[in-house]
Amino acid sequence: MDERPSATADLLSAVFWMFFGGAIVYGAWTMDRLEYMNINPYTVPGLVPGILGVCIAFMGALLLIRAVRAGAPKLGDIVAERPGRRVEIVRVLVAAGLCLVYAAGFVGHGLPFWLVTAGFVTAFIFVFQFPARRADDTLLRGLFVALLCGAATAAAVTLVFQEIFLVRLP
Amino acid sequence: MLEGLALFSRSIANMMDPLTLLYVGMATLLGLVIGALPGLTATMGVALLTTLTLKMSPDMAILVLICTYVGAIYGGSRSAILLNIPGTPANAAACLDGHALARQGLAGRAMGISTTGSVMGTLIGMVFLAMFTPLLGEMALKFGAYEFFWLAVFGVVVSGNLTGNDPLKGWLAGFAGLFIATIGQDAIHAYERFSFGNRDLAGGIQLIPALVGAFGFAEVLTVMKDAVGRPAIHSFDSVVPRLRDVLVYWRTIIRSGLIGTFMGIIPGVGEDVGSWSSYAAARAVSKERDKFGKGSVEGLLAAETGDNACVPGAIIPVLALAVPGSAPAAVLLAAMIIHGVQPGPLIMVQNPGFVYDVVAMMLFATIGILFYGIFLVRPLIKVLQVPRDIIMPIVFVLCTIGSFAIAQRLFDIWTMLAFGLIGFVMRQLNYPMAPFVLGIVLGDLLDKNLRRGLVLSDGDLTPFFTRPISAVMVAIIVFSIMMNFASARAALRSGLARFGAALGRRGI
C-alpha cells in the first residue's frame, strides 16, 4: 500500500460490509431447511453462512463507528486529489479493460488462442508504451517491438503448455 | 528419530537421479526468476507450475512446486536489493537494508548476505519440518469436530491479526473468505447455497483460479497503476556468501530461523510476517541497531533468514493438518490434493515416507539456491531490465492459462477475473489478502465441523469450550482479539505489574 485509505473510504467499505452481511443473513434465513428430509436441525445448510453474515455485518458496523470517529464523511476526502491520481486511475482502467476484453471477451469464443494472445500482448505493450514512444518519435519501432513480443509470447506459450506439457489451452 | 533419519536417507537416495536433479535445477531457477520479477509472486509461481505439472508423477510434481516456492522467496530479494521493490511480499523487509547496501556500492555483498540468510533459514526450517510434522500429526489425531472448528476460526483470526496493519480489516477479509467457501453444494446434504441456479457456481469457487486472480491479476493492476518504474542498480561487487557472516551473526540466524519457522506454522500468516518479525526481533536486541535501515548486514540477514525459514514452517501444518501456513502453501496443498496426495493428521500413519520426501525436496531446493546464488547472479539480473509494460501482459496470459488448465472451464477464467478485481480494490482499501485466501481454504473445515459438533453434542455448546485443546485455542483467539484494545492491554500490563510486585514482596 502506498498510502492508508481515508476515513471516508473506510466508511463506504463499512456500509458495503453491512449490506453484504445483511444480504448473507437474509439468504441464509430464507434458505431451504430441508425439513421434508427429516435432517438434524443443527445441520441446516443456512446455519454457517448465517453466522458468518452476522459476524461480517457486526464487524462492518465496528468499522463504520471507527470511520465516523475518525471524522468521516469528509468532503475533503472526496474532493481533494493527490497529484498523479487521475493518471493512475486511467492506467488501471486501461489495463483492466484490456485484460477483461482478452480473457472474458475473446478467449474461448472460437478464435485460436495463439492469435488472441498475440493480439492482446501486442495491444497491451503498444498502448502502455504509446506516450513515451510518441514523445521519442519512435511509434513505428514501438509497434514492431510490440508485435514481436506478441508473436513470441503466443509461440512460446503454445509450445511450452500445449506441445511440451500437454496442457489444453482455451 | 532413527526411523525418521532412515526414511530421510531413503528419500535422498531415491532423488539422486539425473532427471530429478534436472527438475530441481530448472524449477529452482524458474522460481528464482518468478520471485525476482515484481508482479510475479511465489503464490502465482506455484499456481502456474501446478498447471504445468498436471501430467507428471505426484512426487516429481511436488518436487517441482517446492523448488519453485523456495526459489521464488529467495529470488524476491534480488529486486528488493537492486530495485527497492520486493519481488514477493516476503522480501519487503529486505528492501530496507538490502537497497541501502546497494546504494553504498555493496549490492553484491547484499546479495551474498541474502543467499547466506536464505540457505540458513531454509535449513533451520527444514530441521523443524522433519521434527515437528510427526509430532503435530500425532497431536492432530486427537482432534475432533470441535477442535477442527476452532482451528479454522484460529487461522482466520490470527492471520487477520498478524498480516496487514489493521486487524479489523484482516478479520473482515478472513470472514468474507469463509463465506465464499460456503458457495456451492454443501458438504453434508449437497444442497446448493448461493448459486442462484448457476450450474458452474453450484460446483463452488475453486481455490487456484481465486488465488491466481487475487495474487496475479490484482498484482498486474497494482504494478501498472504506477506511471513511473524504478531504476535498477546494475553494478555490484562480489556476490559470494561469507562464512564470517554466519560466525559473527549466528545468534541472529538461529533466532530468525526459529521466528520464521514459528510464523510459518501459524495458519495463513506467511513469509512476510516471518520476515518482519525476525527483522524487528533482531533490531530490538542488536548492538548495532542504529545501522538498521541504513545498510545493516544483521538486519538483512535477519529478514532473509526469517522469510526462508517460513517456507518449511508453512508446510508443517499443510502436511500435519491439511491447513496452509501461507498463501503459496495453500496452492501447494491444493496441488497435493490434485495429485492424489491427501495431507492431514493421517499422513504419518498412511504415508510417513512422504513427509521425509518433502524434507529431502527442501534440501535439494536449498542446494539449488546456493548454487544459483554463487554462480548465476549476473545473468539473472538481466531479467530485471525487461520493462514491466512487456512483462505484465505475459503475466496476465499465464494467469488466464493457469486458471483454465486445471478443470478446463471458462468459468474458472471468470472467477480469476472477479477475484483479481476484488483483490485489487481490497488492496487499495488496505484489506490484507492472506486471511481472505485462508478463509476460502478453511471455510469447508469450519462449515462441516461446526455442524458435526452441534450434532454430536445435540446442540450443547459446552464441549466447544471445555475440551482441553479447544479451550487452549479459544483462549488464544480471545487473547489475540483482546490485545487489539488499548484498555485490555493496559489491564494486562497492570495485572502483570501487580503479579510481579506480589512475587517481589514474597522474595521470589
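Check the entry above for the structure.
Residues numbered from 1 in each chain as written. Chains lettered and ligands numbered in written order. Predicted model: local features only at pLDDT ≥ 70, side-chain atom pairs only at ≥ 80, totals over all residues. Heavy atoms only, no water.

## What about the overall build of chain A?
What counts, and what does not: Working definition: helices are DSSP H or I runs of at least four residues, strands are E runs of at least two. Numbering for both runs from the N terminus. For the exposure calls, accessible area comes from a 1.4 Å probe over protein chains only, and a residue counts as buried if that area is under 20% of its type's maximum, exposed if over 50%, partly exposed in between. Only heavy atoms matter for contacts: two residues are in contact if any of them lie within 4.5 Å across the pair. To measure how exposed things are, a 1.4 Å probe is used in the Shrake-Rupley method; for residues, cover is taken only from the protein chains shown. Counted charges follow a simple rule, with Lys and Arg positive, Asp and Glu negative, and His plus the chain ends left uncounted. To locate a charge, take NZ of a lysine, CZ of an arginine, CG of an aspartate or CD of a glutamate.
Looking only at helices and strands, one finds 6 helices and 0 strands in chain A. Traced from its N-terminal end to its C-terminal end, chain A shows the element sequence α-α-α-α-α-α. Out of the 170 residues belonging to chain A, those deemed buried represent 38%. Counting only contacts in chain A whose residues sit at least 6 apart along the sequence, the fraction spanning at least 24 positions is 68%. Summed over all atoms, the accessible surface of chain A reaches about 9800 Å², with 70% contributed by carbon and sulfur. Side chains of chain A give 13 positive and 11 negative charges; the mean places of these two sets differ by 4 Å.

## Details of the overall build of chain B
This is how it is decided: Atoms considered for the radius of gyration are the C-alpha atoms alone. The globule rule reads 2.2 Å times the number of residues to the power 0.38.
A tally of helices and strands in chain B yields 24 helices and 2 strands. Its C-alpha atoms give chain B a radius of gyration of 22 Å, within 12% of the compact-globule value 23 Å for 508 residues. Taking the principal axes of its C-alpha atoms as reference, chain B extends roughly 70 × 70 × 55 Å. Expressed as a percentage of contacts within chain B between residues at least 6 apart in sequence, the contacts between residues at least 24 apart total 79%. With 34 positive and 28 negative side-chain charges, chain B shows a separation of 9 Å between the mean positions of the two kinds.

## Quick notes on the environment of Asn-430 of chain B
One can find Asn-430 of chain B in the loop between α20 (410-428) and α21 (433-456). In this structure the C-alpha to C-alpha distance between Asn-430 of chain B and Gly-164 of chain B, which are 266 residues apart in sequence, comes to 7.5 Å.

## Some remarks on the interface of chain B and chain A
Quoted interface sizes are often the accessible area lost when the parts come together. We apply this condition: Note on terms: buried area is the combined drop in 1.4 Å-probe accessible area of two parts once they are placed together, counting the loss on both. By definition, a salt bridge exists where a carboxyl oxygen of Asp or Glu is found within 4 Å of a side-chain nitrogen of Lys or Arg. Here a polar contact is recorded for every N or O atom pair within 3.5 Å, except that within protein the pair must consist of a potential hydrogen donor and a potential acceptor, and residues adjacent in sequence are included only if both atoms are side-chain atoms.
At the junction of the two partners, chain B supplies 59 residues and chain A supplies 65 residues. Between chain B and chain A, a total of about 5700 Å² is buried, with carbon and sulfur atoms accounting for 77% of that surface. It is Leu-52, Tyr-191 and Lys-225 of chain B that lose the most area in chain B upon contact with chain A, and together they represent 11% of the buried surface on that side. Remark: the boundary between chain B and chain A carries 3 salt bridges. The partner of Asp-10 of chain A in a salt bridge is Lys-169 of chain B, and the shortest N-O contact between them spans 2.5 Å. Summed over the shared surface of chain B and chain A, the result is 12 residue pairs in polar contact (both at pLDDT 80 or more). Listed by contribution, the elements that provide at least two residues to the side of chain B that touches chain A are α3 (42-52), α8 (167-181), α10 (207-225), α19 (388-405), α20 and α21 of chain B.

## Considering the layout of surface pockets
All names here are of chain B. What counts is decided by this rule: Whether a set of points on the 1 Å grid over the protein atoms alone is a cavity depends on a 1.4 Å probe fitting there but being unable to get out, while an open set qualifies as a pocket with protein on both sides within 12 Å along at least five of seven lines; lining residues are those with an atom within 4 Å of a point. Grid points are joined across faces, edges and corners, and a volume is the space filled by probe spheres set on the points. Residue polarity follows a fixed list, in which Ala, Val, Leu, Ile, Met, Phe, Trp, Tyr, Cys and Pro are nonpolar, Asp, Glu, Lys and Arg are charged, and the others, Gly among them, are polar.
The space that makes up the second largest pocket amounts to roughly 1300 Å³. As for the second largest pocket, its lining consists of 49 residues, and the residues nearest its centre are Ile-337, Val-441, Asp-444, Leu-445 and Lys-448. For the lining of the second largest pocket, the secondary structure elements donating two or more residues are α7 (145-162), α8, β1 (184-185), α10, α15 (327-338), α16 (347-350) and α21. When residues in the lining of the second largest pocket are grouped by element, the largest group, 10 residues, is from α21. Tallied by class, the residues present in the lining of the second largest pocket amount to 29 nonpolar, 13 polar and 7 charged.

## Some details on the nonpolar core
Here is a general trend for soluble globular proteins: nonpolar side chains tend to be buried in one another's company. Selection criterion: To form a nonpolar core, buried Ala, Val, Leu, Ile, Met, Phe, Trp, Tyr and Cys residues must be joined to one another through side-chain atoms within 4.5 Å.
Ranked by internal contacts, the top residues of the largest apolar core, which has 200 residues, are Tyr-102 of chain A together with Ile-66, Tyr-69, Ile-315, Leu-319, Phe-396 and Phe-436 of chain B. When residues of this core are assigned to their parent elements, the largest contribution, 17 residues, is made by helix α4 (residues 58-83) of chain B. Residues in contact with Leu-319 of chain B, not counting those within four places in the same chain, are Leu-129, Thr-133, Met-336, Pro-343, Gly-344, Ile-347, Phe-354, Val-355 and Val-358 of chain B. By size, the runner-up hydrophobic cluster in this structure holds 6 residues, among which are Ala-93, Ala-282, Phe-292 and Ala-303 of chain B.

## Side note on the packing of aromatic side chains
The condition that has to hold: Here a Phe, Tyr or Trp ring, Trp counted by its six-membered ring, pairs with any other such ring whose centre lies within 6.5 Å, and the pair is stacked when the planes are under 30 degrees apart, edge-to-face when over 60, and tilted otherwise.
If you walk through the whole model with that rule in mind, you get 24 aromatic pairs over all chains. Note on Phe-419 of chain B and Phe-436 of chain B: the rings are 6.0 Å apart at their centroids and 35° apart in plane angle, and the pair reads as tilted. On the criterion of sequence distance, the pair formed by Phe-419 of chain B in helix α20 and Phe-436 of chain B in helix α21 is long-range, its members being 17 residues apart. Here Phe-419 of chain B falls in the buried class, since its relative accessible area comes to 6%. Overall, the relative accessible area of 2% leaves Phe-436 of chain B in the buried class. In this structure an aromatic cluster arises from ring pairing among Phe-16, Trp-17 and Phe-20 of chain A together with Phe-179, Phe-194 and Tyr-431 of chain B.

## With respect to helix α12 (residues 250-265) of chain B
Residues and elements named next belong to chain B. Rules: Each residue after the first adds 1.5 Å to the expected span of a helix.
For α12, spanning 16 residues, the distance from its first C-alpha to its last is 23 Å, which sits close to the expected 22 Å at 1.5 Å a residue. Those residues of α12 lying buried are Thr-252, Ile-253, Ser-256, Gly-257, Ile-259, Gly-260, Thr-261, Met-263 and Gly-264. On its buried side, α12 packs onto α6 (107-140), α7, α11 (243-248), α13 (271-285) and α14 (297-321).

## Let's talk about the pattern of salt bridges
Summed over all chains, the structure comprises 13 salt bridges over all chains. Salt-bridge contacts for Glu-219 of chain B lead to Arg-427 of chain B; the nearest nitrogen and oxygen are separated by 2.7 Å. With a gap of 208 residues between them, Glu-219 of chain B in helix α10 and Arg-427 of chain B in helix α20 connect regions that are remote in the sequence. Comparing Glu-219 of chain B with Arg-427 of chain B, the two get one shared label, buried. Each of the salt bridges in this network shares a partner with another, and the network as a whole consists of Asp-10 and Arg-66 of chain A together with Asp-166 and Lys-169 of chain B.

## Considering a nonpolar patch on the surface
Residue and element names in this part refer to chain A. Definition in use: A patch is a set of surface residues, each over 30% in relative accessible area and not in a salt bridge, joined within 9 Å for like charges and within 5 Å for the nonpolar side chains Val, Leu, Ile, Met, Phe, Trp and Tyr.
Together, Val-101, Phe-106, Leu-111, Trp-114 and Leu-115 make up a nonpolar patch on the protein surface, roughly 480 Å² of accessible area in all. Those elements that place two or more of their residues in the nonpolar patch are α4 (85-106) and α5 (113-136). Positionally, Val-101 belongs in helix α4. By relative accessible area, Val-101 is classed as partly exposed at 47%.

## Points about the environment of Ala-335 of chain B
Examined against the element boundaries, Ala-335 of chain B turns out to sit in helix α15. When the C-alpha atoms of Ala-335 of chain B and Ala-181 of chain B are compared, they prove to be 18 Å apart, with 154 residues separating the residues in sequence.

In short, shape yes, function no, at least from these values alone.
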